[in-house]
Amino acid sequence: MSISAQAVDVVYGRPAAGVQVRLQRRSSDLGRELDDWLTVDETETDSDGCIKDWTAERFGRGPYQIVFDSDAYFAMLGLSTAYKEVSVVVRLADESDSCRIQVRLAPYSYSMDFGFRG
């Protein structure tokens, strides 16, 4: 199972390098009573706007949330935003699942593309 992600800056038409990103997993799927999101990994996008590898060596089945800190990214560029964060929730159901997420960021809008291989 794998998850890869890319952030694209549509204002400047380039990869969004340096975006802080959190990978989270629902706590109830980890055998805990609370139905809350727990952070599994935190990283930032590379010069291509990508996250190819997370520090977690292996993903289990269940829902994951990828949270892009769009507010901090655009603040670095001197722009304000309507969205503090952009989050995408995906569910890995099988050992062979692999998904790729691309988020296109702008200060007052965003869009997402999702690819899945099972």
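Basis of the calculations
- Residues numbered from 1 in each chain as written.
- Predicted model: local features only at pLDDT ≥ 70, side-chain atom pairs only at ≥ 80, totals over all residues.
- Heavy atoms only, no water.
- Salt bridge = Lys/Arg side-chain N within 4 Å of Asp/Glu carboxyl O.
- Helix = DSSP H or I, 4+ residues; strand = E, 2+ residues; numbered from the N terminus.
- Buried < 20%, exposed > 50% of the residue type's maximum accessible area, 1.4 Å probe, protein only.
- Patch = residues over 30% accessible without salt bridge, like charges linked within 9 Å, V, L, I, M, F, W, Y side chains within 5 Å.
- Areas by Shrake-Rupley, 256 points an atom, 1.4 Å probe, with all protein chains shown as cover.
- Pairing = 2+ DSSP bridges.
- Axes fitted to C-alpha atoms, helices over the stretch in contact; angles between N-to-C directions.

A separate point is the pattern of salt bridges. Applying the stated criterion across every chain yields a total of 2 salt bridges. Between Glu85 and Arg22 there is a salt bridge whose closest N-O contact spans 3.0 Å. In this pair, Glu85 sits in the loop between α1 (70-76) and β7 (86-92) while Arg22 sits in strand β3 (residues 20-26), placing the two residues 63 residues apart along the sequence. Overall, the relative accessible area of 33% leaves Glu85 in the partly exposed class.

With that settled, consider a nonpolar patch on the surface. There is a patch of nonpolar side chains on the surface, built from Val10, Val11 and Tyr12 and spanning about 260 Å² of accessible area. Summarising the element assignment, Tyr12 is placed in the loop between β1 (2-9) and β2 (14-15). Judged by its relative accessible area of 44%, Tyr12 falls in the partly exposed class.

A word on the pairing of strand β6 (residues 62-68). Here is the key point about a regular strand: its side chains alternate between the two faces of the sheet. Along β6, 7 of the 7 residues are buried, which leaves the element largely enclosed by surrounding structure. Two elements, β3 and β6, share 5 bridges in a ladder whose sense is antiparallel. Considered in β6, the bridge of Val21 is made with Phe68.

One open sheet accounts for 4 strands, arranged β4-β3-β6-β7; its pairing is antiparallel. Only two strands of the sheet have a single neighbouring strand rather than two, namely β4 (37-44) and β7. Between one strand axis and the next, the sheet turns through 20° on average, direction left out of account. Two elements, β6 and β7, share 7 bridges in a ladder whose sense is antiparallel. Across the sheet, the residue bridging to Ile66 is Val88, located in β7.

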